[in-house]
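# Geometric and topological summary
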Amino acid sequence: MAAPVAIGSRAAAAVGVGHWRRARLRLRRDRVAVVSGTFLLVLLFAVLPGAPLAGKILGHGPNDFFPYAVNTALRPVGPLTRVPDTPFLAEEGNPLSLKHAPPPPGTGKTLFLLGADGRLGRDEFLRLLYGGRVSLEVAVGAALVALLVGSALGSLAGYYGGIVDAIVSRFTDLVMAFPVLLFLILVGSQYDGLTEWTLHGLLNKGVLQLILLIGVFTWFYPARIVRAQMLSLRQTEFVEAAAMIGARDRRIIRTHLLPHVLPSLIVYGTLLVATNVMLEVGVTFLGAGIKLPTSSWGSMLAQTWGSILNPSPYNPATTQPWLTIIPSAAIFLTVFSLNQLGEGLREALDPNASRR
C-alpha cells in the first residue's frame, strides 16, 4: 500500500506547483537564458554600484582630463597604461616630437584599464561603465513608460470595446505610423526644455527627456498585446462571476485581468529594453540624444566618429580601434542577452512554446 501513497503524494505535489514556480523551473533548464540573465545581472552591478566604486579605486572620474593620456598628435594611449596623474601639461618640449615634455618630478600615475578616449584623455573604462548606466536608464525608463501607457490604453480598449476600442485603436494606428526616429532627432536637436531636468540629481542631463520621448512613442505594441488578451478574457466565467458579485470595472481589470496579461508584458518588456538601447545609441550617434560631457554608449561612438552634421573622418594616426570595438561589443552583448532572456521567458511562461 506504500507505493500508491507515494505516487499519489507525488501527483498531488505536482498539481500543487504554481504557474510561476513551473515557469522558474523551465527557465532554469534553458542554459542560454540563464547565461544571458547572469550577464545582465553582472552588467547591472557593474554600471550601478560598480561604476562609482571603480572610480574610487582608480582615483579619478569619467570626465577627468589627463593630457598625458594622448600624445601631441592626439592619439590616445592603449589599454593597461599608466599615465601621469595630473590635469596640466608641463612646458612643451620638442615641437617635432610626438611625446609631451615630462611632468614635474613627484607626479603620481594612474591606471587606464581600457585606454583613453580620443583627444581629451579621459578614462575609457569609467566612461564605459557610466555610459552603460545612462543607456540602461534610458532603455529601462522608456520601457516602463511604454508599458504603463500601453497597459492602460489596451485595458480600456479591450475591456469596454465599442466606441472606446475604436478610438484607442485608431489612435494606436496613428502613433504606429509616426516616424519615431525622425521625431526624436527633430525634438532632440531643436528642443531642450526637459534637458535640464535631472530629478534632483537622480538622472543625468537629457536622460529624462529621452525617456519620455521614447516611451511616449513606443507604447503601441504593449497596448495591442493587452487589448487582444483583454478581448479574449472579458467573456470568461471568472470575470462574469466577479461582475455578478458587484466588483467594479477597475477592480476587475486590476485584480482579475491584468495578472493574466503580466507574463506577456514581462516578455515584451525585455525585448523593448533591447530596442530602446538601440534607439538611444542611434539618436545619440545622430547628435540628438545624450550630450557631452555625459557619457553613454551612443555618445562614446559619436565622439569617435562624429555625427552626420559633423563627421570625424578616419585617421590612422589618431584613431584607435578599441574606441569603436569596446562600446560596440557592450551594445551587442546587452541587446543579444536581452533578446535571449526574453525568448527564454516566453518559453518558460508558455509551455507550448519551444526554441527553434
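Residues numbered from 1 in each chain as written. Predicted model: local features only at pLDDT ≥ 70, side-chain atom pairs only at ≥ 80, totals over all residues. Heavy atoms only, no water.

## Quick look at the overall build of the chain
The condition that has to hold: The numbering of helices and of strands both runs from the N terminus, where a helix is a DSSP run of H or I of at least 4 residues and a strand a run of E of at least 2. The quantity called the radius of gyration is restricted to C-alpha atoms. Its globule counterpart is 2.2 Å times the number of residues to the power 0.38. Exposed residues in this analysis have more than 50% of their type's maximum accessible area, buried residues have under 20%, and partly exposed residues fall in between, with area computed by a 1.4 Å probe over protein chains only. Contacts were defined at the residue level, with two residues in contact if any of their heavy atoms lie within 4.5 Å. Residue exposure ignores everything except the shown protein chains as possible cover, and the areas themselves are Shrake-Rupley values with a 1.4 Å probe. When charges are counted, Lys and Arg are positive and Asp and Glu negative, with His and the chain ends excluded. Taken as the charge location is NZ of Lys, CZ of Arg, CG of Asp or CD of Glu.
For the chain, the helix and strand inventory stands at 13 helices and two strands. Over its C-alpha atoms the chain spans a radius of gyration of 26 Å, topping by over 25% the 21 Å that the globule rule assigns to 356 residues. Taking the principal axes of its C-alpha atoms as reference, the chain extends roughly 90 × 60 × 40 Å. Burial status across the chain gives 44% buried among its 356 residues. Long-range pairs, those at least 24 residues apart, make up 72% of the contacts in the chain between residues at least 6 apart in sequence. Accessible surface computed for the chain: about 19,500 Å², of which carbon and sulfur atoms make up 67%. Taking the average place of the 30 positive charges on the side chains of the chain and the average place of its 20 negative ones, the gap between the two points comes to 9 Å.

## Side note on the packing of aromatic side chains
This is how it is decided: Working definition: rings of Phe, Tyr and Trp (its six-membered ring) pair if their centres are within 6.5 Å, and the pair is stacked with planes under 30 degrees apart, edge-to-face with planes over 60 apart, and tilted otherwise.
Following the criterion strictly, the structure yields nine aromatic pairs and no others. Put simply, the rings of Phe-178, Phe-183 and Phe-217 pair up and form one aromatic cluster.

## A closer look at the side chain of Asn-71
The line we're drawing: We define a polar contact as two N or O atoms separated by no more than 3.5 Å, with the added condition that, inside protein, one atom must be a possible hydrogen donor and the other a possible acceptor, whereas residues neighbouring each other in sequence contribute only through side-chain atom pairs.
For Asn-71, the location among the structural elements is in the loop between α4 (50-58) and β1 (81-84). Overall, the relative accessible area of 19% leaves Asn-71 in the buried class. A distance of 2.9 Å separates a polar atom in the side chain of Asn-71 from the backbone nitrogen of Arg-75.

## Quick word on the environment of Leu-113
Position of Leu-113 relative to the elements: it lies in the loop between β2 (109-112) and α5 (124-160). Relative accessible area serves as the criterion here: at 27%, Leu-113 is assigned to the partly exposed category. Along the chain, Leu-113 and Phe-125 lie twelve residues apart, while their C-alpha atoms are 6.1 Å from each other. When near neighbours in sequence (up to four residues on either side) are disregarded, Leu-113 contacts Pro-79, Leu-80 and Phe-125.

## Considering a nonpolar patch on the surface
Short version of the rule: Only residues whose relative accessible area exceeds 30% and that form no salt bridge enter a patch; like-charged residues are grouped when within 9 Å of one another, and nonpolar side chains (Val, Leu, Ile, Met, Phe, Trp, Tyr) when within 5 Å. Within this document, salt bridges are pairs made up of a side-chain nitrogen of Lys or Arg and a carboxyl oxygen of Asp or Glu, the two lying within 4 Å of each other.
On the surface, a nonpolar cluster with roughly 460 Å² of combined accessible area is contributed by Leu-156, Tyr-160, Ile-163, Val-164 and Ile-167. When residues of the nonpolar patch are traced back to their parent elements, those giving at least two are α5 and α6 (162-176). Counting residues per element, the nonpolar patch draws most heavily on α6, which supplies three residues. Following the sequence through the fold, Leu-156 ends up in helix α5.

## Description of the nonpolar core
The cut-off we apply is this: What makes a nonpolar core is a set of buried Ala, Val, Leu, Ile, Met, Phe, Trp, Tyr and Cys residues whose side-chain atoms join them at distances within 4.5 Å.
Ranked by internal contacts, the top residues of the largest apolar core, which has 65 residues, are Leu-184, Val-207, Ile-214, Ile-252, Leu-257, Trp-297 and Ile-331. For this core, the leading source of residues is helix α11 (residues 249-285), giving 14 residues. In contact with Trp-297, not counting residues within four places along its chain, are Leu-43, Leu-128, Gly-131, Gly-132, Ser-135, Val-281, Pro-327, Ala-330, Ile-331 and Thr-334.

## Some points on the pattern of salt bridges
Enumeration over the complete set of coordinates arrives at six salt bridges. Across the salt bridge formed by Asp-117 and Arg-127, the nearest N and O atoms sit 3.9 Å from each other. With Asp-117 in the loop between β2 and α5 and Arg-127 in helix α5, the pair connects residues that are ten residues apart, well separated along the chain. Under the relative-accessibility criterion, Arg-127 is labelled buried at 0%. For Asp-173, the salt bridge goes to Arg-224, with nearest N and O atoms at 2.6 Å. Of this pair, Asp-173 sits in helix α6 while Arg-224 sits in helix α9 (residues 220-233), and the two are 51 residues apart along the sequence. Take Asp-173: its relative accessible area is 27%, and that puts it in the partly exposed class. You can call Arg-224 partly exposed: its relative accessible area is 41%. Among the ionic contacts, a cluster of salt bridges with common partners joins Asp-117, Arg-122 and Arg-127.

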